[in-house]
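One letter stands for each residue in the lines below.
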Amino acid sequence: MDRKPSLAPASTATKDALHGVSLEEALSICGYGRYQRFIALVGGLCWLSCALQNSLSAYILPSIKCEMHVSSSMLGLFNAVFLAGGLSSSILWGVLIDSIGRRPVLVYGMALDSFLTIVSSFSQNFYLLLVARFLSGFIVGGPAAISPAFVGEFQPGHKRQQIICYIGFFWTVSWVILPGAAWLIIPMNIHLHWSGYSYSSWRFIMVLVSISSLISSILIYRYPESPRFLLAQGRAPETLDVLSEIWEVNTGRKAETYPVKSLDYVSNTSVIKEEPKSIWRPLKIMLTQWQSLLAMPVLPITLLGCFLFFSNMFGYYGLGLWLPELVNRFEAHYAVSNQTVRLCDLTSKIETAEKNNEDCVVPSTVFVQSLIIGSMGLVGNGLSGLLSSKFPRPVMPVILTSAAGASVLTLYFVQSSFQNLLVSTIFQFCIGTCNMVLNSLIVDMFPADISGIAICMCVMSGRLGAMLSNLVLGHLLDVSCVIPILLCAGVIILGAVFSAFIPKVPYSEKIKKQEKNVIKA
C-alpha cells in the first residue's frame, strides 16, 4: 500500500505549526491513506456482521416454516420482531452513542450479539425463537446504526461519501454470503438429537453469524474513538492524539511532526457541560438532543431523513426479506404443476405443493436465485462508490428509488420463477444501492454534536417501516396479494419524490455559508 496520503490542495502549503484548525481541515492534512483504508475495512466487517443478522431471517424462513409448521402471518411476525427489537432500542442507542461514544457501542454490542445468537440457535419453540430474535435486534441495533458513521468520521471530507458508499459493499455481501452458506449447509439436512434437543441444518447458519459478530468486536477494540465524537465532547487533546496517529500511519513520519497543534471546536460544536454524575444525566442529554433535532433549523432535515429511511427500508427489509420465500413458492408450485400462474395466484395453490414436501427440503433453486440477486447488489454498491461524487447529492436517491418502486409494481405480472428472479434482481439492485447512498449522505446532514442520535432516529424510522411492511405482507400476502404490492410500491415511489429535497451541501458547509453571509452583511 502507498504510504503517501492524498492531501487536500489547501493543506499542503504550510509546514509550520497550525492553530485553531477545524476538524475537517485537520483530517485533510492527515490525508487519505493506509489508516483510513484499514479502519474502513474493519468497520466494513462490523457492518457485514450487522447485515448478516438483519438478513438472516430471509434464508432460514422456509426451513422454519416447514420444521415448526407456522403460517405466513407468523413468518411475517418472525421478520418483524427482529426489527421491533432494533426499533425499541434506537433511542437508547442514540443516547449512548452521543454520550459514551461510538467505539464502546460497537465493541460491546457486537460481543453481546455474538453470545445471544449462539444461545438463540438452540431455541426449540417458535415463540422462544421470536423472543430471542427480538433481543438480538435490540442489541445489534446500535452497531448497525453507527458503523458507517464511525468509519466516515475518520475520513477527510472529499473522500467521506465515497468511502461510506464502498462500505455499503460489505452490507450487500451478506446477501451473497447467507444464500451461499444456506445452499451449502441447509440441504445437508442434518438433524442432531440429544436430551430432547434437536439441532438441524439451518441452525448452523446462526452460528456462522455469531462468529462474524465476535470477530468484528475484537477488531474494533484495537482502534480509538472517533475524532469527531471526541471533539464534540470537548476532548481536544485526545482528538489531536488520534489525528497524530492517523498522520503517522499515513505518512510514515513521527506523530510529533503533525503540524496541527490546536483545534477550533467551540464555534462549531455545542459541548454539553459536565455535571455531577447522576441517573438523570443520560435523560437530560437525550432531552437536549431531541430538542435540537425537533427545533429549527434542524427539524426539516430530521423529518426528511426519517421519511427517506422509512420509505427505503419499507421495501429493502420489508419485501426484500420475502424474496427467497417468493422463489420457494414458485418452485413448490412448478414442482407439481405445469400450469402458468401469477405471483398473486400462488397463495391459493401453495398448500397442495407444500404437502408433497414432507421432508422439509428447501429447493436449492431458492438459494441459487437469492445468490444471484445478492450478487447484483454488489455491482450496485460498486457503482454507488464510483458515481456518488459525480452527481448532485439528491440525484442517485431519486433515480434508484423510482426504479425500485416501478419494479415492485411489475411483480404483479410475473408468471414464472425466472421472471420473478429478473424483477427481484432489479428491485434489490436499486433499493439496496439507494440504502447505501442514504447512509453516506446522512453522516453530514446534521450538526456533529447530535449526529449520533439523529442517525439512530432516522434508522429507527426505517426499522418501523420495515416492521410494518413485514406485518402487512405476512397478513395480506395470502389474502389479497395486490394490496401489499401496491402499498409497497406507493411508499417507495413517495420516497423518490421526497429524495429531491435532500440538501445539496453538508450541514457544516451550509452553516459556513450562512456565517460568511452574515459577515458580509
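Residues numbered from 1 in each chain as written. Predicted model: local features only at pLDDT ≥ 70, side-chain atom pairs only at ≥ 80, totals over all residues. Heavy atoms only, no water.

A. Molecular detail of the confidence of the model for the chain. Looking at the chain as a whole, its pLDDT mean stands at 81, while 86% of the residues score no less than 70. Confidence, read as mean pLDDT per element, is least for helix α13 (residues 350-355) in the chain (50) and greatest for helix α15 (residues 395-410) (94). Segment residues 267-276: pLDDT under 50, and 14 contacts once partners within four positions in sequence are set aside and those in other chains are kept. (pLDDT = per-residue confidence, 0-100. Helix = DSSP H or I, 4+ residues; strand = E, 2+ residues; numbered from the N terminus. Contact = heavy atoms within 4.5 Å.)

B. Region of the structure containing the nonpolar core. Residues Trp171, Leu243, Tyr258, Val260, Leu319 and Phe446 are the most contacted members of the largest nonpolar core, which totals 150 residues. Here this core gets 17 residues from one element, more than from any other, and that element is helix α2 (residues 34-68). The contacts of valine 260, once residues within four sequence positions are left out, are Leu18, Val21, Ala26, Ile29 and Leu240. (Core = buried A, V, L, I, M, F, W, Y, C linked by side-chain atoms within 4.5 Å. Buried < 20%, exposed > 50% of the residue type's maximum accessible area, 1.4 Å probe, protein only.)

C. Summary view of a nonpolar patch on the surface. A cluster of nonpolar residues, Tyr166, Ile372, Met376, Val379, Leu383, Leu386, Leu387 and Phe391, forms a patch on the protein surface that exposes about 640 Å² of accessible area. By the secondary structure assignment, methionine 376 is in helix α14 (residues 364-387). Residue classification places methionine 376 among the partly exposed residues on the basis of a relative accessible area of 34%. (Patch = residues over 30% accessible without salt bridge, like charges linked within 9 Å, V, L, I, M, F, W, Y side chains within 5 Å. Areas by Shrake-Rupley, 256 points an atom, 1.4 Å probe, with all protein chains shown as cover. Salt bridge = Lys/Arg side-chain N within 4 Å of Asp/Glu carboxyl O.)

D. Seen up close, the packing of α2 against helix α6 (residues 157-185). Their axes nearest at 8 Å, the elements α2 and α6 cross at an angle of 40 degrees. What the angle tells us is that α2 and α6 run oblique. Between α2 and α6 the crossing geometry is right-handed. For the contact of α2 with α6, the residue count by class is 20 nonpolar, 5 polar and no charged. (Axes fitted to C-alpha atoms, helices over the stretch in contact; angles between N-to-C directions. Parallel < 35°, antiparallel > 145°, perpendicular 65-115°, else oblique. Left-handed = near helix turned anticlockwise from the far one by under 90°. Nonpolar A, V, L, I, M, F, W, Y, C, P; charged D, E, K, R; others polar.)

E. Region of the structure containing the environment of glutamine 428. Considering the arrangement of structural elements, one finds glutamine 428 in helix α16 (residues 417-442). For glutamine 428 and leucine 319, which are 109 residues apart along the polypeptide, the C-alpha to C-alpha distance reads 9.5 Å. If sequence neighbours within four positions are ignored, glutamine 428 has contacts with Trp175, Tyr316, Gly320, Leu323, Ile373 and Thr433.

F. Molecular detail of the pairing of strand β2 (residues 197-200). Summarising the sheet, strand β1 (residues 191-194) and β2 pair through 4 bridges and their orientation is antiparallel. Bridge assignment links tryptophan 194 to a residue of β2, and that residue is tyrosine 197. The turn joining β1 and β2, which pair antiparallel and follow one another in sequence, is formed by 2 residues; a positive phi near 45 degrees is taken by serine 195. (Pairing = 2+ DSSP bridges.)

G. Quick look at the pattern of salt bridges. Under the counting rule described, the total for this entry stands at 5 salt bridges. In this structure, the salt-bridge partner of arginine 203 is glutamate 67, at a minimum N-O distance of 3.5 Å. In this pair, arginine 203 is assigned in helix α7 (residues 201-221) and glutamate 67 in helix α2, connecting sequence segments 136 residues apart. When the shortest N-O distance is used, the salt bridge between glutamate 238 and arginine 235 registers 2.8 Å. For glutamate 238, a relative accessible area of 36% gives the class partly exposed. Within this structure, Arg102, Glu153 and Arg228 form a network of salt bridges that share partners.

H. Summary view of a negative patch on the surface. Together, Asp241, Glu245, Glu248 and Glu256 give the surface a local cluster of negative charge. Mapped onto the secondary structure, glutamate 245 falls in helix α9 (residues 236-251). (Lys, Arg positive; Asp, Glu negative; His and termini not counted. Charge placed at Lys NZ, Arg CZ, Asp CG, Glu CD.)

I. Layout of the packing of helix α11 (residues 299-316) against helix α18 (residues 482-499). With their axes 8 Å apart at the nearest point, α11 and α18 run at an angle of 145 degrees to one another. You can see that α11 and α18 cross each other, and the crossing is left-handed. Within the contact between the two elements, α11 uses Leu304, Phe307, Leu308, Phe310, Ser311, Phe314 and Gly315 and α18 uses Leu487, Cys488, Val491, Ile492, Leu494, Gly495, Phe498 and Ser499.

J. Region of interest: α16. Its 26 residues place the ends of α16 37 Å apart at the C-alpha level, agreeing with the 38 Å of an ideal helix rising 1.5 Å per residue. Most of α16 is tucked away: 21 of the 26 residues are buried. (Expected span 1.5 Å × (residues − 1).)

K. Quick peek at unusual backbone geometry. Cis geometry marks the peptide bond from methionine 296 to proline 297, where omega comes out at 5 degrees. With respect to the helices and strands, proline 297 occurs in the loop between α10 (281-293) and α11. The backbone of histidine 69 shows a phi angle near 55 degrees, a positive value even though the residue is not glycine. One can find histidine 69 in the loop between α2 and α3 (72-99).

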